[in-house]
Amino acid sequence: MLLKSLIALVFIGMLASLVAGAGFLLRDGSRSRRLLTSLKWRVGLAVCLVILLVIGFSTGMLN
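Computed from a prediction, not measured in an experiment: that's the story for all the values here.

**Student:** I'm lost on the packing of helix α1 (residues 2–28) against helix α2 (residues 33–59) in this one. Help?
**Tutor:** Helix-helix packing is characterised by the crossing angle of the two axes and by the distance between the axes. Where α1 contacts α2, the axes come no closer than 9 Å and their chain directions differ by 160°. Classed by the angle they form, the pair α1 and α2 counts as roughly antiparallel. The element α1 and its partner α2 pack so that their crossing is left-handed. Looking at the contact of α1 with α2 residue by residue, the classes come out as 18 nonpolar, 5 polar and 4 charged.

Quick look at the structure:
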């Protein structure tokens, strides 16, 4: 149950980073540092999500 909660939290974090990045793009333009930081967070969270999914499937916690 803890693994599923972590996966959900990471996914929600990715969505929040996506929304924040879209807001920064609309407000600041394409040369924004905040937009780049949002992208970095989103990529990092995506890597974390993939790792959590691999762990879940390999241990049998996710079917």
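From this point, the discussion proceeds with the structure in view.
**Student:** Explanation requested: α2 in the structure shown.
**Tutor:** Each full turn of the α-helix corresponds to 3.6 residues, which orients residues three or four apart in the same direction. With 27 residues, α2 ought to run about 39 Å at 1.5 Å a step, and its terminal C-alpha atoms sit 39 Å apart, in line with that. Inspection of α2 places S38, L45, L49, L52 and G56 among the buried residues, and these make up the whole buried set. Buried-residue contacts for α2 involve α1. In the segment just after α2, G60 is the residue with positive phi, at about 85°.

The rules behind these values
Residues numbered from 1 in each chain as written. Predicted model: local features only at pLDDT ≥ 70, side-chain atom pairs only at ≥ 80, totals over all residues. Heavy atoms only, no water. Axes fitted to C-alpha atoms, helices over the stretch in contact; angles between N-to-C directions. Helix = DSSP H or I, 4+ residues; strand = E, 2+ residues; numbered from the N terminus. Parallel < 35°, antiparallel > 145°, perpendicular 65-115°, else oblique. Left-handed = near helix turned anticlockwise from the far one by under 90°. Nonpolar A, V, L, I, M, F, W, Y, C, P; charged D, E, K, R; others polar. Expected span 1.5 Å × (residues − 1). Buried < 20%, exposed > 50% of the residue type's maximum accessible area, 1.4 Å probe, protein only. Contact = heavy atoms within 4.5 Å.

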